[in-house]
Amino acid sequence: QLQLVESGGGLVQPGGSLRLSCAASGVALDYYAIGWFRQAPGKEREGVSCISSGDGSGDGNTYYADSVKGRFTISRDNAKNTVYLQMNSLKAEDTAVYYCAVDNYCSSDVEAFRSWGQGTQVIVSS
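As the structure is a computational prediction, the values presented were derived from the model and not from experiment.

Structural notes on the environment of glycine 60
With respect to the element layout, glycine 60 can be found in the loop between strand E5 (46-51) and strand E6 (62-64). Separated by 29 residues in sequence, glycine 60 and tyrosine 31 place their C-alpha atoms 9.9 Å apart. Beyond its immediate sequence surroundings of up to four residues, glycine 60 is in contact with Ile51, Ser52, Ser53, Gly54 and Arg76.

So this is what it looks like as C-alpha cells:
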C-alpha cells in the first residue's frame, strides 16, 4: 500500500540547485529509512543519500555518496511524510533519473530497499 512520488526534477544549469521531494502515502515513514538513488543513461542505479528513521523522533543519521558530499543534503519531515534532497552546485555528472526508496535501514544497495517511486528526471546542462 505504500506509494512514493518524487517531484522537483527539471533542467538546471551547472552550478545551480534543485530540491527534490519524496512524498509517501499509505504508510507513515516515521520508523523507516529513506534513500535517494539515481540512474544515469547507460549506467547502473547507484545510491546517492540516505536518512535513517531516528526511531521516529525526527531526523536520523544521514549518509552520502562521495560524489555528492558537501553538495547534497537529505532531510525529512515526518509530519508531512516527506523526504527532501537539496542539491546544490550541480554538475553535468549529476544528470540522472532520481528515485526515492524505503526500507528499515539505510543502505547503498539497491536490492535492500523494498519500495520505490517512479523517479524524477534531473538534467544539468548549459
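Comments concerning the nonpolar core
Counting 25 residues, the largest nonpolar core has Trp36, Phe72, Val83, Leu85, Met87 and Tyr98 as the members making the most contacts within it. Counting residues per element, the ones that place at least two in this core are strand E3 (18-25), strand E4 (33-39), E5, strand E7 (72-77), strand E8 (82-87), strand E9 (96-103) and strand E11 (120-124). Residues Ala33, Phe37, Cys50 and Ala101 belong to the second largest nonpolar core, which totals 5 residues.

Focus on the pairing of E9
Of all 8 residues making up E9, 7 are buried, and the element is well covered by its neighbours. As judged from the 7 bridges shared by E4 and E9, these two strands associate in the antiparallel manner. Looking across to E9, one finds that glutamine 39 is bridged to valine 97. Bridge analysis of E9 against E11 gives 3 bridges, and the strand direction is antiparallel. When the bridges of E11 are listed, alanine 96 appears paired with valine 122. The sheet contact formed by E9 and strand E10 (residues 115-116) spans 2 bridges and is antiparallel. Across the sheet, residue valine 102 finds its bridge partner in E10, namely serine 115.

As for the packing of aromatic side chains
Scanning all chains against the criterion turns up 4 aromatic pairs. Aromatic side chains phenylalanine 37 and phenylalanine 113 sit 5.1 Å apart centroid to centroid with 80° between the ring planes, which places their arrangement in the edge-to-face category. With phenylalanine 37 in strand E4 and phenylalanine 113 in the loop between E9 and E10, the pair connects residues that are 76 residues apart, well separated along the chain. Comparing phenylalanine 37 with phenylalanine 113, the two get one shared label, buried. Taking the centre distance of 4.8 Å and the plane angle of 55° together, the rings of phenylalanine 37 and tryptophan 116 count as tilted. You can see phenylalanine 37 sitting in strand E4 and its partner tryptophan 116 sitting in strand E10, a full 79 residues away along the chain. For phenylalanine 37, a relative accessible area of 1% puts it in the buried group. Ring pairing ties together the aromatic residues Phe37, Tyr99, Phe113 and Trp116, which thus form one cluster. Here arginine 45 stacks its cationic end above the ring of tryptophan 116, 4.9 Å away from the centre of that ring.

A short note on the environment of glycine 10
You can see glycine 10 is positioned in strand E2 (residues 10-12). Through-space distance from the C-alpha of glycine 10 to that of isoleucine 123 is 6.1 Å; in sequence the pair is 113 residues apart. If near-sequence neighbours (up to four positions away) are discounted, glycine 10 is found in contact with Leu18, Gln121, Val122 and Ile123.

What counts, and where the lines are drawn
Residues numbered from 1 in each chain as written. Predicted model: local features only at pLDDT ≥ 70, side-chain atom pairs only at ≥ 80, totals over all residues. Heavy atoms only, no water. Helix = DSSP H or I, 4+ residues; strand = E, 2+ residues; numbered from the N terminus. Contact = heavy atoms within 4.5 Å. Core = buried A, V, L, I, M, F, W, Y, C linked by side-chain atoms within 4.5 Å. Buried < 20%, exposed > 50% of the residue type's maximum accessible area, 1.4 Å probe, protein only. Pairing = 2+ DSSP bridges. Phe/Tyr/Trp six-rings, centres within 6.5 Å; stacked < 30°, edge-to-face > 60°. Lys NZ or Arg CZ within 6 Å of the ring centre and 35° of its normal.

Remember, this is a structural readout, not a statement about activity or role.
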